[in-house]
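# Geometric and topological summary
Now for the letters of each chain:
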Amino acid sequence: MVAGAGRHTDAVPDAVLPPGWPPEVRPPGTSDWQQSAVAWLLDQCPHEYRGHPALVHQPIALAWLAARHVLAQGQANTAARSAVRADLSPLLDARAVDGVLAALEHEHARLLAVHRAVGLVGDALRGLRYVPRL
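Conventions adopted
Residues numbered from 1 in each chain as written. Predicted model: local features only at pLDDT ≥ 70, side-chain atom pairs only at ≥ 80, totals over all residues. Heavy atoms only, no water. Helix = DSSP H or I, 4+ residues; strand = E, 2+ residues; numbered from the N terminus. Buried < 20%, exposed > 50% of the residue type's maximum accessible area, 1.4 Å probe, protein only. Contact = heavy atoms within 4.5 Å. Areas by Shrake-Rupley, 256 points an atom, 1.4 Å probe, with all protein chains shown as cover. Axes fitted to C-alpha atoms, helices over the stretch in contact; angles between N-to-C directions. Parallel < 35°, antiparallel > 145°, perpendicular 65-115°, else oblique. Left-handed = near helix turned anticlockwise from the far one by under 90°. Nonpolar A, V, L, I, M, F, W, Y, C, P; charged D, E, K, R; others polar. Core = buried A, V, L, I, M, F, W, Y, C linked by side-chain atoms within 4.5 Å. Phe/Tyr/Trp six-rings, centres within 6.5 Å; stacked < 30°, edge-to-face > 60°. Expected span 1.5 Å × (residues − 1). Bend = angle between axes of the 7 residues up to and from the residue.

## Let's talk about the overall build of the protein chain
When you go through the protein chain residue by residue, the secondary structure sums to four helices and two strands. Walking the protein chain from its N terminus toward its C terminus, one meets helices and strands in the order β-β-α-α-α-α. Looking at the protein chain as a whole, 34% of its 134 residues qualify as buried. Relative to all contacts within the protein chain whose residues are 6 or more apart in sequence, the contacts with residues 24 or more apart total 53%. Just so you have it, the protein chain exposes about 8,100 Å², and 59% of that area is on carbon and sulfur atoms.

This is the structure:
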């Protein structure tokens, strides 16, 4: 896992979580941590994924798919940000277009953070542990 400053947790003594670890996911090594990881990963995917046992019962596969889903959302967001002025300016006033662009930029930042967090959870599910460096 990526080294650097981390977040300390009281759930596991001396456990340090990497920057970007989702607060909804319990630290690796705690009871029910994988269940919290699966629940959070499912929250990052379309609701219909919950109905597929192959995803719900295979956390590593779910993390793999969630990373691709979030990446695809980011690609759609990038395409929308590049086209928003040309496509919406004839339909909306400038202030409304600026508002849409601001919303897309905010969502872009959120998706970047989610993509990093999905990667961290996926790494932990594969047994990689975060070790902070000084």
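Anyway, onward from the coordinates.
## Points about the packing of helix α1 (residues 33-43) against helix α3 (residues 59-88)
Where α1 meets α3, the axes come as close as 10 Å, and the angle between the chain directions of the two elements is 30 degrees. The angle between α1 and α3 places the two elements in the roughly parallel class. Crossing angle aside, the handedness with which α1 passes α3 is left-handed. Together, Gln 34, Val 38, Leu 41 and Leu 42 of α1 and Pro 59, Leu 62, Ala 63 and Ala 66 of α3 make up the contact between the two elements. Of the residues contributing to the contact of α1 with α3, the split by class is seven nonpolar, one polar and no charged.

## A closer look at the nonpolar core
Within the largest apolar cluster, 25 residues are counted, with the highest numbers of intra-cluster contacts made by Trp 21, Leu 41 and Val 121. Listed by contribution, the elements that provide at least two residues to this core are α1, α3 and α4 (94-125). Not counting the four nearest positions on each side in its chain, Leu 41 is found in contact with Pro 59, Leu 62, Ala 63, Ala 66, Val 118, Val 121 and Leu 125.

## Some remarks on unusual backbone geometry
For Asp 32, which is not a glycine, the phi torsion comes out positive at approximately 65 degrees. Secondary-structure assignment places Asp 32 in the loop between β2 (16-17) and α1.

## A few points about the packing of aromatic side chains
The full count for this structure, using the stated rule, is one aromatic pair. Between the aromatic rings of Trp 21 and Trp 33, the centroid separation amounts to 6.3 Å while the plane-to-plane angle is 40 degrees, which identifies the pairing as tilted. Taken together, the residues Trp 21 in the loop between β2 and α1 and Trp 33 in helix α1 connect sequence positions twelve residues apart.

## Some thoughts on the packing of α1 against α4
Where α1 meets α4, the axes come as close as 11 Å, and the angle between the chain directions of the two elements is 150 degrees. In the packing of α1 onto α4, the handedness of the crossing is left-handed. Contact residues: α1 offers Trp 33, Gln 34, Ala 37, Trp 40 and Leu 41, while α4 offers Val 114, Ala 117, Val 118, Val 121, Ala 124 and Leu 125. Grouping the amino acids of the contact of α1 with α4 by side-chain chemistry returns ten nonpolar, one polar and no charged.

## Description of α3
With 30 residues, α3 should cover 44 Å at 1.5 Å per step; its first-to-last C-alpha distance of 40 Å lies within 8% of that length. Most pronounced at Ser 82, the bend in α3 amounts to some 45 degrees. Buried residues of α3: Pro 59, Leu 62, Ala 63, Ala 66, Ala 67, Val 70, Gly 74, Asn 77 and Val 84, and no others. Tucked inside the fold, the buried residues of α3 contact α1, α2 (53-56) and α4.

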